[in-house]
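# Architecture at a glance
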Amino acid sequence: WTLMKFGGPHQIGPGQYYFSVDAGFLANEHTELLGKLVFRWWREGRDEVFQTEVRDYRSVLVGRSANFVQRSVYSLTQMNAHRWVMWRFHLWVQREREALLEGM
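Calculation notes
Residues numbered from 1 in each chain as written. Predicted model: local features only at pLDDT ≥ 70, side-chain atom pairs only at ≥ 80, totals over all residues. Heavy atoms only, no water. Helix = DSSP H or I, 4+ residues; strand = E, 2+ residues; numbered from the N terminus. Buried < 20%, exposed > 50% of the residue type's maximum accessible area, 1.4 Å probe, protein only. Contact = heavy atoms within 4.5 Å. Areas by Shrake-Rupley, 256 points an atom, 1.4 Å probe, with all protein chains shown as cover. Core = buried A, V, L, I, M, F, W, Y, C linked by side-chain atoms within 4.5 Å. Pairing = 2+ DSSP bridges. Axes fitted to C-alpha atoms, helices over the stretch in contact; angles between N-to-C directions.

### Focus on the overall build of the protein
Scanning the protein from terminus to terminus reveals two helices and four strands. Its C-alpha atoms give the protein principal-axis dimensions of roughly 45 × 25 × 20 Å. The buried share of the protein, taken over its 104 residues, is 30%. For the protein, restricting intrachain contacts to residue pairs at least 6 apart in sequence, the fraction spanning at least 24 positions comes to 36%. Accessible area for the protein stands at about 7,400 Å²; split by element, carbon and sulfur atoms hold 53% of it.

Rendered as structure tokens:
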């Protein structure tokens, strides 16, 4: 039993990678795509820009076709938890980027 299971890193394009959501209790298996955690970075002059995002993911807590009530309950109860998880993912990828890319 696991909350969320991810696949290994996959390259989308230059400086763009993702981890696929493969399974788990919180993965909505009623949708074709379970989702991806994407990270990318690039240089703008001397600065390095770094972004992370969630794509194609719908929480099982929201449901297959979320109505206003389901979205409201989600936003009041789970949204901040998901923001915290994404913040932690962002920091982890920044810290482990070199090791992640070596494993590809």
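Right, picking up where we left off after that structure.
### Structural notes on the nonpolar core
Grouped together as the largest cluster of nonpolar side chains are ten residues: Y17, F19, L37, F39, W41, F50, M86, F89, V93 and L100. Mapped by element, the contributors of at least two residues to this core are β2 (16-23), β3 (36-44) and α2 (79-102). Considering each element in turn, this core owes the most residues, four residues, to α2.

### A few points about the sheet that holds strand β4 (residues 47-55)
In space, the four strands of this open sheet follow the order β1-β2-β3-β4, with antiparallel pairing throughout. For this open sheet the edge positions go to β1 (5-13) and β4, each flanked by a neighbour on one side alone. In this sheet, neighbouring strand axes are inclined to one another by 20° on average, regardless of whether the strands run parallel or antiparallel. For β2 and β3, the ladder comprises five bridges, and the chain directions are antiparallel. Across the sheet, the residue bridging to Q16 is R40, located in β3. Contacting β1, β2, β3 and β4, α2 crosses the sheet at an angle of about 120° to β4.

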